[in-house]
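So you can see what is in the structure, the chains are spelled out below.
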Amino acid sequence: MPLSPDVVNIGLVAHVDAGKTTLTEQLLYAAGAIRAPGSVDHGTAQTDYLELERKRGISIRAASTVLTWKGRTINLIDTPGHTDFASEVERVLRVLDCAVVVISAAEGIQSQTEVLFQALTRLKTPALFFYNKVDRAGADLNRVLEETRERLGITPILADALFSAKPVPEAVAEALAAQDDVLLEEYLSDLPLSTERLLSSLVEGVRSRRMTAALSGCALKGAGVPALLDLIAMAAPENKGDTQAPVSGVIFRMEHDKAMGRVSHVRLYAGTLHNRDMVRNATRETEEKVVQIRKTSGAKFEDTGLLQAGDIGAVCGLSNARVGDILGDPSKVPGSVPIAHPLLNVRVFPYEEKDYPAVVAAVEELCAEDPLLSMVWVAQERNLLIRITGLIQLEVLEALMISRFGLRVYFSDPTVIYKETPASTGEGFVAYTMPKPCWAVLRFRIEPGERGSGIRYKSIVKNDDILYRYQAQVAQALPDALRQGPLGWEVTDAKITLIDGEHHNEHTHPLDFIVATPMAMMDGLVNTGTTLLEPMQAFRLSLPEEAGGKAMGEIIRMRGQFDTPVVRKGTFTLEGRVPAATSMEFPVWAASVSSGRANLSVRFDGYEPCPLELGSTAPYRGVNPLDQARYILSIRGAL
């Protein structure tokens, strides 16, 4: 079986401001890939090449670069740390062979650190830890190691000594032996344990995910960087794919090139792609021609004309593709783990009314690059809605609309995205038999589901009553039918069963069941009634002890809850949950009450029932299926 070269795909992930991009620069510099490390503060970082990234000093898009170290080719992907751009990270995580989790030794474990590590664990991706900023005021490596044990549930092996010329401390050998039964026997037998033997135990433990290796240092000064490169080269799993097998890959990010249009960044798990090859998009059920294959390094690229199993590359020519699409054989592509949750709706307005068609087309293009952005366009009402994860996203979108499309837009104030769920068990029915030609009869049973379970659908109807091909149309139409419930929000956490119905051998039109499904579902949801659900945020707030009382009062005012406060060395720490709708100004309040000394981290923590008077309903967009006569006319284009 022909195998791909020894390439490994490494992602740097972190909470915002942990120093991830600075570490990327130092890794490239130490490996000889660049002449001098760039600076985030000065806007010269290789992987922060967008104008807005350099202006704000944060990563907005994931960026790939490449280096070689001790015989291994390392594709290094620098990911954004800010939660507004978590969708970029989510798509990168599924294509990694190994991740480096960067943690500030001053700020410690943050909420986003927990989210990232949980996702890596679910994906079964080996992780290395780099404790950065150990020289900074307030840094406490021992405290952060203890936090790692408490909050992530792991005991990392601090391996700095294994990569120095000094003798290895007894504590390192003990820590390794505690997680390696074979090494434990050697250790208890008083056999001499060489550095090489200890390293082999660490490498095997990381690859099998029994251990988590950690290093400490200061990325800004390059301290600990060569050791991290050594650890990556040794411990990252071998990535061998069959280059002669059928193509199997996934598009994990997408960008726009003025000359080539859509550029799809692909991780290939099997097979080989060349320039001018035809490749099948299994998601879209289309086939397109590869125009060019690039190897990218920040903003620079090289036309290699080749992409082999195990490697990542940028493929031009897939004009109908979208992020997340699978190329070729889907069986070898791993699934993804959601970590990004858009919680806000905003309405988009062009400054010129005549620009609406162009703005809609531009937003559609951006949604292909970021599916979580998601848009709703109601042409009759001139209503263009998009979903976002945070307000910084709006700055990015505004800048992109000007620089890429030459369009000036503005946005409404953001509103929280609520959801709704059935309040009781009931049935929904429709007999779509007029005006002819049409015939689709459906009866659903709708039940409340467990919180966080989403939509679970099944059919118990026989083929004789509704042909299976028509039942497939019902399943296809269901997600759209549930995008708006009686309260105007997406319906979730429901068990839906198709229990009865019929087609007609002569009168049923091929699309009748797609038309009928929303009418039956809305009828059922009115019968069951729905409960409003609001998004919740888990938070961790640390601020000076004297501000603790004000913090508890503010959280209660926000309808939040919190655990018993912890006071340590003059710092007051609270953990709990708050509704997203009432906590949008939480960061501003925390900074104000603490004179900028507060440390607040938040993460999405599911949906909970919300009293209708404290939440918000939304007007139905388009024609409501409850108005069946008008709805049918609108679907048939007769309005």
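Residues numbered from 1 in each chain as written. Predicted model: local features only at pLDDT ≥ 70, side-chain atom pairs only at ≥ 80, totals over all residues. Heavy atoms only, no water.

(A) How the structure looks around the packing of helix 12 (residues 468–481) against helix 13 (residues 512–528). At a closest axis distance of 8 Å, the pairing of helix 12 and helix 13 adopts a crossing angle of 50°. In terms of orientation, helix 12 lies oblique with respect to helix 13. Between helix 12 and helix 13 lies a crossing of right-handed hand. Contacts between helix 12 and helix 13 involve Y470, Q473, V474, Q476, A477, L478 and A481 from the former and F513, I514, T517, P518 and M521 from the latter. The residue inventory of the contact of helix 12 with helix 13, partitioned by class, reads nine nonpolar, three polar and no charged. (Axes fitted to C-alpha atoms, helices over the stretch in contact; angles between N-to-C directions. Helix = DSSP H or I, 4+ residues; strand = E, 2+ residues; numbered from the N terminus. Parallel < 35°, antiparallel > 145°, perpendicular 65-115°, else oblique. Left-handed = near helix turned anticlockwise from the far one by under 90°. Contact = heavy atoms within 4.5 Å. Nonpolar A, V, L, I, M, F, W, Y, C, P; charged D, E, K, R; others polar.)

(B) The sheet that holds strand 28 (residues 494–502), seen in detail. The strand order 24-25-28-26 describes an open sheet built from four strands, whose pairing is mixed. The sheet is open, and its two edges are formed by strand 24 (426–432) and strand 26 (455–459), each paired on a single side. Going from strand to strand, the sheet's axes swing by 20° on average, the running direction of each strand aside. Pairing analysis gives eight bridges linking strand 25 (residues 440–448) to strand 28, with the strands arranged antiparallel. Within strand 28, the residue paired with V441 across the bridge is E502. On top of the sheet, helix 13 reaches strand 24, strand 25 and strand 28; it is set at about 145° to strand 24, its chief contact. (Pairing = 2+ DSSP bridges.)

(C) Examining the pairing of strand 20 (residues 383–388) more closely. With five of six residues buried, strand 20 lies mostly within the body of the structure. Where strand 19 (residues 375–378) and strand 20 come together, four bridges link them in antiparallel fashion. Across the sheet, the residue bridging to W377 is L384, located in strand 20. The turn joining strand 19 and strand 20, which pair antiparallel and follow one another in sequence, is formed by four residues; a positive phi near 50° is taken by R382. (Buried < 20%, exposed > 50% of the residue type's maximum accessible area, 1.4 Å probe, protein only.)

(D) How the structure looks around the packing of aromatic side chains. Under the defined criterion, the tally for this structure stands at ten aromatic pairs. Between Y351 and Y410 the ring centres are 5.1 Å apart and the planes differ by 55°, which places this aromatic pair in the tilted class. Within this pair, whereas Y351 is found in the loop between strand 18 (344–350) and helix 10 (356–369), its partner Y410 is found in strand 21 (residues 409–411), the two being separated by 59 residues in sequence. Under the relative-accessibility criterion, Y351 is labelled partly exposed at 44%. In this structure Y410 comes out as partly exposed when scored by relative accessible area, which is 38%. Here the aromatic residues F117, F129 and Y131 are joined through ring pairs into a cluster of three or more. Between R408 and the ring centre of Y351, over which it is positioned, the NZ or CZ distance is 4.1 Å. Here the basic side chain of R469 rests over the ring of Y470, its NZ or CZ set 4.9 Å away from the ring centre. (Phe/Tyr/Trp six-rings, centres within 6.5 Å; stacked < 30°, edge-to-face > 60°. Lys NZ or Arg CZ within 6 Å of the ring centre and 35° of its normal.)

(E) Representation of helix 8 (residues 195–207) within the structure. Over its 13 residues, helix 8 runs 18 Å from end to end, which matches the ideal 18 Å to within 8%, given 1.5 Å per residue. Where helix 8 is buried, its residues meet strand 5 (127–132), strand 6 (157–158), helix 6 (170–177), helix 7 (181–188), strand 7 (213–216) and helix 9 (225–235). (Expected span 1.5 Å × (residues − 1).)

(F) View of the pairing of strand 24. Across the two faces of strand 24 the burial differs, with G426, G428, V430 and Y432 buried and E427, F429 and A431 not buried at all. One ladder, built from seven bridges, connects strand 24 with strand 25; its direction is antiparallel. Bridge pairing in strand 25 links V430 to L442.

(G) Inspection of the pattern of salt bridges at higher detail. A full pass over the atoms with the stated rule returns 36 salt bridges. One salt bridge connects R136 with E107, and the closest N-O pair in it is separated by 2.6 Å. Highlighted residues: R136 in the loop between strand 5 and helix 5 (141–152) and E107 in the loop between strand 4 (98–104) and helix 4 (111–123), separated in sequence by 29 residues. Judged by its relative accessible area of 38%, R136 is partly exposed. By relative accessible area, which is 26% here, E107 ends up partly exposed. (Salt bridge = Lys/Arg side-chain N within 4 Å of Asp/Glu carboxyl O.)

(H) Structural detail: the nonpolar core. In terms of nonpolar packing, the biggest core is built from 47 residues, with I10 and L202 touching the most fellow members. Element by element, the count of residues in this core is highest for helix 9, at eight residues. Sequence-distant contacts of I10, that is, excluding residues within four places in its chain, are made with I74, N75, L76, I77, L96, C98, V100, I232 and A236. (Core = buried A, V, L, I, M, F, W, Y, C linked by side-chain atoms within 4.5 Å.)

By themselves these figures say nothing about function.
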